[in-house]
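The lines below spell out each chain.
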Amino acid sequence: MTESTVGDAVSMAAPPAAHPFSFLAYARLVRLPNVFTAMADITLAALVVGALPGHALEFLLLLLASSCLYCGGMVWNDYFDLEQDSRERPFRPLPSGKISLRAAAGLGAVLLLAGVGFAVLAGLPGETFRALPAVLALLLVVAIFLYDGWLKRTPVGPVAMGVCRFLNVLLGLSVVVGGVSAGGVLLALVVGLYIVGVTWFARTEAAESSQAQLQAAAAVMLAALVLALAIPAVGKAALRGDTASPFVFAQVALGQALFPYLLVAFGFFVGLPVVSAIHKPVPQRVQAAVKRAILGLVLLDALLAASLAGTVGLLLVLLLLPAKYLGRWVYST
């Protein structure tokens, strides 16, 4: 939020007339293409701790939890941004009146509650209830509201968003008992730091951006990739001893060997539009760079999974297919 209150935003910018239900409007409100990046975080974590196929039910429940929390966060993002979007992005569902503020608040609340509920269910299978998934989901809800309602407009806004991603990876690691280890924290830190840079890069995407800020944000993204080079070193611990199988060992060894080269290729894939936007920081170039960086998180998760769980982790790239398809009609920034 800006200095204005939510009530001021509603009175100044609320649409006068209701519109009929539109699936496309709701898909845009929750940034549907981006939900696959949240799924990628959970799948990455599940592969790293060897949760599949033995903990498939818990994995699916955490996949639903993460998806609901992400979509709920996007709804509250637009709810608190109504005044600014009315000025800068009047085509979005809330300022255009395609979705009422009341309907958005109801949907956002239901999605966050559902996310916590699925996390609670994920802790039920087994001999004893595991509270860690529910605790992490609740922490995510708190982080989402802090970011959307208060921290977004402050200098620590990008860090707050990075914390949300950090917690999301930890949520995936909680799929099995003892999943959150030092190696898992490092894994979550890489993803969180990358998102800090992406969020910082996107802060003024609706107007001409500052080259200095874009350069600093790009440096943070690069720092995350450099930190990622340390990930294979924690491979054996993160895999919880699953490398005992010769086949699995060979897959992991190949993934670790390919990892540095694929990471460099990923850097160029994300970096080229970033450099273009820094050279000419107009909204079109900045938004194009942000869109690629956001969807690029799926690729980064796939590379991290390959470095720890073997080349099977590269299958995460398949999540880009529905994301790219839906991105034809639904914006992701």
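Here, every reference points to the structure presented above.
Conventions adopted
Residues numbered from 1 in each chain as written. Predicted model: local features only at pLDDT ≥ 70, side-chain atom pairs only at ≥ 80, totals over all residues. Heavy atoms only, no water. 1 Å grid on protein atoms, 1.4 Å probe; cavity = no way out; pocket = protein on both sides within 12 Å on 5 of 7 lines; lining within 4 Å. Points joined across faces, edges and corners; volume = space filled by probe spheres on them. Helix = DSSP H or I, 4+ residues; strand = E, 2+ residues; numbered from the N terminus. Nonpolar A, V, L, I, M, F, W, Y, C, P; charged D, E, K, R; others polar. Expected span 1.5 Å × (residues − 1). Buried < 20%, exposed > 50% of the residue type's maximum accessible area, 1.4 Å probe, protein only. Arc of directions from axis to C-beta. Phe/Tyr/Trp six-rings, centres within 6.5 Å; stacked < 30°, edge-to-face > 60°.

K.L.:
For the layout of surface pockets, give the residues involved together with the corresponding values.
P.N.:
Here the largest pocket defines a volume of roughly 350 Å³. Taken together, 16 residues line the largest pocket, and the ones lying closest to its centre are Ala218, Leu222, Leu225, Gly267 and Gly271. With eight residues, helix α12 (residues 246-279) is the largest single contributor of residues to the lining of the largest pocket. When its residues are assigned to classes, the lining of the largest pocket shows 14 nonpolar, two polar and no charged. In this model, the second largest pocket occupies a volume close to 200 Å³.

K.L.:
An account of empty space enclosed by the protein is needed here, citing residue identities and associated values.
P.N.:
Per the stated rule, a full pass over the model turns up two cavities of 30 Å³ or more. Within this model, the largest cavity holds a volume of roughly 770 Å³. Along the wall of the largest cavity there are 38 residues; nearest its centre are Met74, Asn77, Tyr147, Met161 and Thr199. At the level of elements, α3 (35-48), α4 (56-80), α5 (82-88), α7 (132-149), α8 (157-173), α9 (182-201) and α13 (283-309) are the ones that each hand at least two residues to the lining of the largest cavity. Split by residue class, the lining of the largest cavity holds 16 nonpolar, eleven polar and eleven charged.

K.L.:
Give a description of helix α6 (residues 101-122) that names residues and reports values.
P.N.:
Each turn of an α-helix holds 3.6 residues, which means side chains three or four residues apart point in the same direction. With 22 residues, α6 extends 32 Å between its outermost C-alpha atoms, agreeing within 8% with the 32 Å of an ideal straight helix rising 1.5 Å per residue. Burial in α6 covers these residues: Leu101, Ala104, Ala105, Gly108, Leu111, Leu112, Gly115, Val116, Ala119 and Ala122. Looking down the long axis of α6, one finds its buried residues gathered within 130° of arc, a one-sided arrangement. Opposite the buried face of α6, by more than 90 degrees, sit the exposed residues Arg102, Val110 and Leu113.

K.L.:
Tell me about the packing of aromatic side chains, residues and numbers included.
P.N.:
If you walk through the whole model with that rule in mind, you get seven aromatic pairs. Look at Trp76 and Phe145: their rings are 5.3 Å apart centre to centre, the planes differ by 55°, and that puts the pair in the tilted class. Here the residue Trp76 occupies a position in helix α4, and Phe145 occupies one in helix α7, the gap between them amounting to 69 residues. For Trp76, a relative accessible area of 10% puts it in the buried group. You can call Phe145 partly exposed: its relative accessible area is 32%. Centre to centre, the rings of Phe91 and Tyr331 are 5.8 Å apart; their planes meet at 80°, and the pair counts as edge-to-face. With a gap of 240 residues between them, Phe91 in the loop between α5 and α6 and Tyr331 in the segment after α14 (320-326) connect regions that are remote in the sequence. By relative accessible area, Tyr331 is classed as buried at 19%.

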